[in-house]
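Breakdown of the fold
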Amino acid sequence: MGGFDLGRRLVAEGFGTAMLVATVVGSGIMAASLTQDVGLALLGNTLATGAILVVLITVLGPISGAHFNPAVSLIFAMSRSLPKRDLGGYVIAQIVGGVVGTLASHLMFDLPLIELSNKVRTGGAQWFSEGVATFGLVAVILAGIKFEQKAVPWLVGLYITAAYWFTASTSFANPAVALARSLTNTFSGIRPVDLPGFWVAEIAGAVAGLFLFTWLLQPNAPLTVSSEAKL
């Protein structure tokens, strides 16, 4: 985020989250309109989401850090990589951007601007899946930044592509995106009443990932031998 003022960073976060949600929702609508095979529709949704993440993180990462996710912004604020005074602005920009992304998708496919979802996504398995998905996302981001920063866009895109398929919840892993997806009664939707369980699981998973990987990524201190021990 070298040299970019807060206003530009917030616009980048809002725009990036809008594009991410437009891709998730729009590709879901397109996939469902082209096939009755739910697995094939999910595959199309998955590939589009993973691809756009690589693009958005690559082009917007140097401006804002390319969080597009309140849970990610929270762990960066907790680790002091993001000034805590900026956290609220980031979260608001992400939420607004997510809603705009849903509206844009509906406009593109000639649907009502807002249609609350009736797709049930609740229960212990779903919540645990969201915790695991967000934990893994934070782990990938932190380890990627530590060891292979230029690969982070690809690492995140590939991780989310995989997590769509190995989690029961299809890996929302993002409170702002979950909220935006509650406003669409399409393939990628979630009932508004199911959001709190997802949010709690996502934040818990993110914080757990931060604590574990903060410890895991610290190398051992070099072993020193005192002068007395040498004698």
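Residues numbered from 1 in each chain as written. Predicted model: local features only at pLDDT ≥ 70, side-chain atom pairs only at ≥ 80, totals over all residues. Heavy atoms only, no water.

Focus: the overall build of the protein chain
What the protein chain contains, in helices and strands, is nine helices and zero strands. Moving toward the C terminus, one meets the helices and strands of the protein chain in the order α-α-α-α-α-α-α-α-α. Here the C-alpha radius of gyration of the protein chain, 19 Å, is about what a compact globule of 231 residues would show, namely 17 Å. Principal axes of the C-alpha set define a box for the protein chain whose edges measure 80 × 40 × 30 Å. Counting the 231 residues in the protein chain, one finds 48% classified as buried. (Helix = DSSP H or I, 4+ residues; strand = E, 2+ residues; numbered from the N terminus. Rg over C-alpha atoms; globule rule 2.2 N^0.38 Å. Buried < 20%, exposed > 50% of the residue type's maximum accessible area, 1.4 Å probe, protein only.)

With respect to the nonpolar core
The nonpolar side chains of a soluble globular protein tend to be buried with one another. Judged by nonpolar contacts, the single largest core of 43 residues is most densely connected at Leu20, Leu137, Leu142 and Val156. Going through the elements one at a time, α1 (6-34), α2 (38-64), α3 (70-78), α5 (124-147), α6 (152-166), α7 (175-181) and α8 (195-216) are the ones with two or more residues in this core. In this structure, Leu137 is in contact with Asn69, Val72, Val156, Tyr159, Ile160 and Ala173, ignoring residues within four places of it in sequence. (Core = buried A, V, L, I, M, F, W, Y, C linked by side-chain atoms within 4.5 Å. Contact = heavy atoms within 4.5 Å.)

Quick word on the environment of Thr134
Along the chain, Thr134 falls in helix α5. Between the alpha carbons of Thr134 and Ala71 there is a distance of 8.0 Å; along the sequence they are 63 residues apart. Each residue touching Thr134, except ones within four places of it in the same chain, is listed here: Ala71, Ala173, Glu202, Gly205 and Ala206.

Digging into the pattern of salt bridges
Here the structure, examined in full by the defined rule, presents three salt bridges. A salt bridge links Arg8 to Asp5, with the shortest nitrogen-to-oxygen separation between them at 2.3 Å. Owing to a relative accessible area of 38%, Asp5 belongs among the partly exposed residues under this scheme. As a salt-bridge pair, Arg9 and Asp86 come within 3.2 Å of each other at their nearest N and O atoms. Here Asp86 lies in helix α4 (residues 84-108) and Arg9 lies in helix α1, a separation of 77 residues in the sequence. Each of the two residues, Arg9 as well as Asp86, counts as buried. (Salt bridge = Lys/Arg side-chain N within 4 Å of Asp/Glu carboxyl O.)

Observations concerning the packing of α5 against α6
What describes two packed helices is the angle between their axes and the distance between those same axes. Orientation of α5 relative to α6, taken along the N-to-C sense of each, is 160°, at an axis distance of 10 Å. One finds that α5 runs roughly antiparallel with respect to α6. α6 is crossed by α5, and the crossing has right-handed handedness. Along the contact surface, α5 presents Val132, Ala133, Gly136, Leu137, Val140, Ile141, Gly144 and Ile145, while α6 presents Val152, Leu155, Val156, Tyr159, Ile160 and Phe166. (Axes fitted to C-alpha atoms, helices over the stretch in contact; angles between N-to-C directions. Parallel < 35°, antiparallel > 145°, perpendicular 65-115°, else oblique. Left-handed = near helix turned anticlockwise from the far one by under 90°.)

None of this, on its own, says anything about what the molecule does.
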